[in-house]
Amino acid sequence: MIEGKTSRSFEKAKAMIFGDEELAAPAPGKITDALIGYLNAQLAAGAHAVQIFDSWAGALGPEDYARFGAPYWRA
């Protein structure tokens, strides 16, 4: 979404969250809301299991992940 293509290092995304937190702040919540809706639709359509891959888990250090990634798992 931010990178514009597949990324292993997430340089543009990291530059955004660390460089302009006010701009970046709404994005994770919006992504979380969209993902919840999508997963609920998958379950309603008969999916027996769903899996979420969290790219941030390996892309950020523990303190940064606790701040920018982990809170959205509680949604």
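Predicted model, so just to flag it, every value in this text is computed and none were measured.

Engineer: Let's hear about the nonpolar core: which residues, and what values?
Structural biologist: Counting seven residues, the largest nonpolar core is built from Met 16, Ile 17, Ala 24, Leu 60, Tyr 65, Phe 68 and Ala 70. For this core, the secondary structure elements donating two or more residues are helix 1 (11-19) and helix 5 (62-68). Look past the residues within four positions of Leu 60 in its chain and what remains in contact with it is Lys 14, Ile 17, Phe 18, Tyr 65 and Phe 68.

Engineer: Tell me what's going on with the layout of surface pockets, and back it up with residues and numbers.
Structural biologist: Estimates place the volume of the largest pocket at around 770 Å³. Forming the walls of the largest pocket are 25 residues, and the residues nearest its centre are Pro 28, Ile 31, Asp 54, Ser 55 and Trp 56. When residues of the lining of the largest pocket are traced back to their parent elements, those giving at least two are helix 1 and helix 3 (26-44). The element that contributes the greatest number of residues to the lining of the largest pocket is helix 3, accounting for seven residues. When grouped by side-chain class, the residues that make up the lining of the largest pocket number 20 nonpolar, three polar and two charged.

Engineer: For the pattern of salt bridges, give the residues involved together with the corresponding values.
Structural biologist: Under the definition given, this model contains one salt bridge. Between Glu 21 and Arg 67 there is a salt bridge, with its nearest N and O atoms 2.4 Å apart. On the criterion of sequence distance, the pair formed by Glu 21 in helix 2 (residues 21-24) and Arg 67 in helix 5 is long-range, its members being 46 residues apart. Take Glu 21: its relative accessible area is 36%, and that puts it in the partly exposed class. Take Arg 67: its relative accessible area is 47%, and that puts it in the partly exposed class.

Engineer: Tell me about the environment of Phe 68, and please be specific about residues and values.
Structural biologist: Its location among the elements puts Phe 68 in helix 5. The buried category is assigned to Phe 68, whose relative accessible area is 14%.

Engineer: Mind laying out the side chain of Glu 3, listing which residues take part and the relevant values?
Structural biologist: Its place among the elements puts Glu 3 in the segment before helix 1. Summary of buried charges: Glu 3 has no salt-bridge partner, and the nearest side chain of opposite charge, Lys 12, is 5.4 Å away.

Thresholds applied
Residues numbered from 1 in each chain as written. Predicted model: local features only at pLDDT ≥ 70, side-chain atom pairs only at ≥ 80, totals over all residues. Heavy atoms only, no water. Core = buried A, V, L, I, M, F, W, Y, C linked by side-chain atoms within 4.5 Å. Buried < 20%, exposed > 50% of the residue type's maximum accessible area, 1.4 Å probe, protein only. Helix = DSSP H or I, 4+ residues; strand = E, 2+ residues; numbered from the N terminus. Contact = heavy atoms within 4.5 Å. 1 Å grid on protein atoms, 1.4 Å probe; cavity = no way out; pocket = protein on both sides within 12 Å on 5 of 7 lines; lining within 4 Å. Points joined across faces, edges and corners; volume = space filled by probe spheres on them. Nonpolar A, V, L, I, M, F, W, Y, C, P; charged D, E, K, R; others polar. Salt bridge = Lys/Arg side-chain N within 4 Å of Asp/Glu carboxyl O. Lys, Arg positive; Asp, Glu negative; His and termini not counted.

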